[in-house]
Amino acid sequence: MLVVMQAHATDEQVRAVCQKIESLGYSPHPVPGAGRTAVCITGNKGEVEPGTLDEMPGVQEVIRVTKPYKLVSRDIKEENTVISFPGTDATIGGPGLAILAGPCAIESREQAFAIAERVSRAGAQFFRGGAYKPRTSPYSFQGLGEEGLQIMAEVREQFGMKIVTEAIDNESLELVAEYADVIQIGARNMQNFSLLKRAGRVRKPVLLKRGMSATLEEFLMAAEYVMSEGNYQVILCERGVRTFADHTRNTLDLSVVPAVHRLSHLPIVVDPSHGTGKRNKVTPMSRASVAVGADGLIVEVHHEPDKALSDGMQSLYPDQFDELMAQVRQIAPVVGRTVPAIGRHAPVAAISVDRTDTIPSSAP
Ligand code: PEP
Ligand code: MN
């Protein structure tokens, strides 16, 4: 149920409605809008008797929300959610594209700084990198843990980028929440409901990656889990799904971008790195992502991808990332978006594309 307040309703009237909802044993979620506030009700098993709320001062109407997801839905909030980051002009969901870039995993201070210097210079406002890695094999590099988080904090200090890193379980979530500016929940954990609920109790933005075989509704319901706990700063991320196609690691489902925008007010960014698994497809799919209306890109970049401890095959060389940004800068204005300026940390070298590619040319 959704209680729509009148445009001139006072804060006190909104508070009274929230208190009433609580006294009925449900959870109120006030959603301020441009013209008026709405209060979404969750925690009700059946239908809430509207009569009790209908008559309260400041209430315009009480409407049923028929979709299974409520807080993520555009039905309860018409305006796009724009997530901002104190101390920077970076936003996710606003007219400016959010550019998140960095290695798959933090491997050392030297590696992180070498990559951070380049992606920051190219215009990335967010540095990505895993300190806790969910690996298919227990024998693969699992991440540096807290040391990795400390390195990321140093990167933030040095380059002014906000940091994005993954929490893989309830234990790592606590530490990640201390260090990170954005907490990533990975594809493998998209339906780890206890982790989602815990992330919902943290007051930091959550980047929620789509599960490998999640439908749009399952994806949105996962976001609903986070929001139902009171954390409304959720960024969705399309990173490809499993299909029969084997020319790429995953099939990047770009049609989910306009589908999400239609149903939800939440921002959605695209990860063309995991979405393709192949370096030579990352830039073309980044162009397509921006053209289709994505709110940002999250891209893996490595200065020595042949030596990377994870996902080297899909990591761009820094020069290729420069070229990606140059291309995105041309496409963005066509769809009414702006792109962060080239950074202030070092002079920009002439853009040259290093097309060195470890993938044999016969590979698709
Ligand atoms: C990652 O971002 O490095 C990662 C593991 O992503 P995903 O959860 O999408 O596989
Ligand atoms: Mn990766």
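Summarised in this report is the structure supplied together with it. What you see is a predicted model, and the numbers here were worked out from it, not measured in a lab.

**A short note on the overall build of the protein**
Helix and strand counts for the protein come out as 11 helices and 14 strands. The C-alpha atoms of the protein give 21 Å as radius of gyration, which agrees with the globular expectation for 364 residues (21 Å, within 12%). Along the first, second and third principal axes, the C-alpha atoms of the protein reach 70 × 45 × 45 Å. By sequence separation, contacts in the protein at least 24 residues apart represent 70% of the contacts at least 6 residues apart. Accessible area of the protein: about 15400 Å², with a carbon and sulfur share of 50%. Treating the 38 positive side-chain charges of the protein as one cloud and the 43 negative ones as another, the clouds have centres 3 Å apart.

**Some words on the site of ligand 1**
As a structural note, the neighbourhood of ligand 1 is formed by Cys104, Arg128, Lys133, Glu166, Gln184, Gly186, Ala187, Arg188, Lys209, Arg239, His274 and Glu300. For ligand 1, an oxygen atom lies 2.8 Å from a polar atom in the backbone of alanine 187. A distance of 3.3 Å separates an oxygen atom of ligand 1 from a polar atom in the side chain of glutamate 300. The protein chains hide 97% of the 300 Å² of surface that ligand 1 would expose on its own. Residues belonging to the shell around ligand 1 are distributed by class as follows: 2 nonpolar, 3 polar and 7 charged.

**Section: the packing of helix α4 (residues 146-159) against helix α5 (residues 170-179)**
Contact geometry of α4 with α5 gives a least axis separation of 10 Å together with a crossing angle of 15°. Considering their axes alone, α4 and α5 lie roughly parallel with respect to each other. Taken as a pair, α4 and α5 cross one another with a handedness that is right-handed. Across from Glu146, Leu149, Gln150, Ala153 and Arg156 in α4, the residues of α5 making contact are Leu175, Val176 and Tyr179. Residues that form the contact of α4 with α5 fall into these classes: 5 nonpolar, 1 polar and 2 charged.

**Things to note about α4**
For α4, which comprises 14 residues, the first-to-last C-alpha distance of 20 Å matches the rise-based estimate of 20 Å (1.5 Å per residue) to within 8%. Those residues of α4 that fall on the buried side of the exposure criterion are Gly148, Leu149, Ile151, Met152, Ala153, Val155 and Phe159. Turning to α4, the residues buried within the fold contact α3 (109-122), β8 (126-128), β9 (162-166) and α5. Glycine 160 sits one or two residues past α4 and shows a positive phi near 75°.

**Points about the side chain of serine 286**
Tracing the backbone through its elements, the reader meets serine 286 in helix α10 (residues 279-292). Residue serine 286 is classed as buried on the basis of its relative accessible area of 0%. With sequence-adjacent residues up to four places away left out, serine 286 is seen in contact with Pro272, Leu297 and Leu324.

**Considerations on the coordination of the manganese ion (ligand 2)**
Looking at the manganese ion (ligand 2), one finds its protein donor set to be Cys104 (SG), His274 (NE2), Glu300 (OE) and Asp311 (OD), positioned 2.0 to 2.4 Å from the metal centre. Site description for the manganese ion (ligand 2): donor spacing in sequence, C-x169-H-x25-E-x10-D. You can see cysteine 104 sitting in the loop between β7 (98-102) and α3 and its partner histidine 274 sitting in helix α9 (residues 272-276), a full 170 residues away along the chain. In this structure, cysteine 104 and histidine 274 share a single accessibility class: buried.

**With respect to the environment of aspartate 89**
By the secondary structure assignment, aspartate 89 is in the loop between β5 (83-84) and β6 (91-92). A residue is classified by how much of its surface remains accessible, and aspartate 89, at 75% relative accessible area, is exposed. Expressed as a C-alpha distance, the spacing of aspartate 89 and threonine 66, which sit 23 residues apart in the sequence, is 37 Å.

**Focus on the sheet that holds strand β1 (residues 2-5)**
Pairing in this open sheet of 4 strands is antiparallel, and the strands run β2-β3-β1-β4 from one edge to the other. The open sheet has two edge strands with one neighbour each: β2 (27-32) and β4 (59-63). In this sheet, adjacent strand axes meet at a mean angle of 20° when their direction is disregarded. Looking at chain direction, β1 and β4 are connected through 4 bridges and run antiparallel. Each bridged residue has a counterpart across the sheet, and for valine 3 the counterpart in β4 is valine 62. Helix α1 (residues 11-23) rests against β1, β2, β3 (37-42) and β4 of the sheet, and its axis sits at about 10° to β3.

**Some remarks on the side chain of glutamine 184**
With respect to the helices, strands and loops of the structure, glutamine 184 is situated in strand β10 (residues 182-185). With residues up to four places along the chain from it excluded, the contact list for glutamine 184 reads Val164, Thr165, Glu166, Ala167, Leu207, Lys209 and Ile298.

**Some thoughts on the nonpolar core**
Of all hydrophobic cores here, the largest spans 77 residues; its most connected members are Val119, Phe127, Leu208, Leu236, Phe321 and Leu324. Residues from two domains meet in this core; each of domain 1 (2-18 + 25-63) and domain 2 (83-335) gives at least three. In contact with phenylalanine 321, not counting residues within four places along its chain, are Ile99, Ala101, Val119, Ala122, Ala124, Val299, Val301 and Leu316. Val3, Val17, Cys18 and Val39 belong to the second largest nonpolar core, which has 15 residues in total.

**A few points about the environment of alanine 90**
Here alanine 90 is to be found in the loop between β5 and β6. Ignoring sequence-local partners within four residues, the contact set of alanine 90 consists of Ile83, Ser84, Phe85, Gln125 and Phe126.

Criteria and thresholds
- Residues numbered from 1 in each chain as written.
- Chains lettered and ligands numbered in written order.
- Predicted model: local features only at pLDDT ≥ 70, side-chain atom pairs only at ≥ 80, totals over all residues.
- Heavy atoms only, no water.
- Helix = DSSP H or I, 4+ residues; strand = E, 2+ residues; numbered from the N terminus.
- Rg over C-alpha atoms; globule rule 2.2 N^0.38 Å.
- Contact = heavy atoms within 4.5 Å.
- Areas by Shrake-Rupley, 256 points an atom, 1.4 Å probe, with all protein chains shown as cover.
- Lys, Arg positive; Asp, Glu negative; His and termini not counted.
- Charge placed at Lys NZ, Arg CZ, Asp CG, Glu CD.
- Near = heavy atom within 4 Å.
- Polar contact = N/O pair within 3.5 Å; in protein donor to acceptor, adjacent residues only side chain to side chain.
- Nonpolar A, V, L, I, M, F, W, Y, C, P; charged D, E, K, R; others polar.
- Axes fitted to C-alpha atoms, helices over the stretch in contact; angles between N-to-C directions.
- Parallel < 35°, antiparallel > 145°, perpendicular 65-115°, else oblique.
- Left-handed = near helix turned anticlockwise from the far one by under 90°.
- Expected span 1.5 Å × (residues − 1).
- Buried < 20%, exposed > 50% of the residue type's maximum accessible area, 1.4 Å probe, protein only.
- Donors = N, O, S within 2.8 Å, 3.2 Å for Na, K, Ca; no water.
- Pairing = 2+ DSSP bridges.
- Core = buried A, V, L, I, M, F, W, Y, C linked by side-chain atoms within 4.5 Å.
- Domains from an automatic or database assignment.

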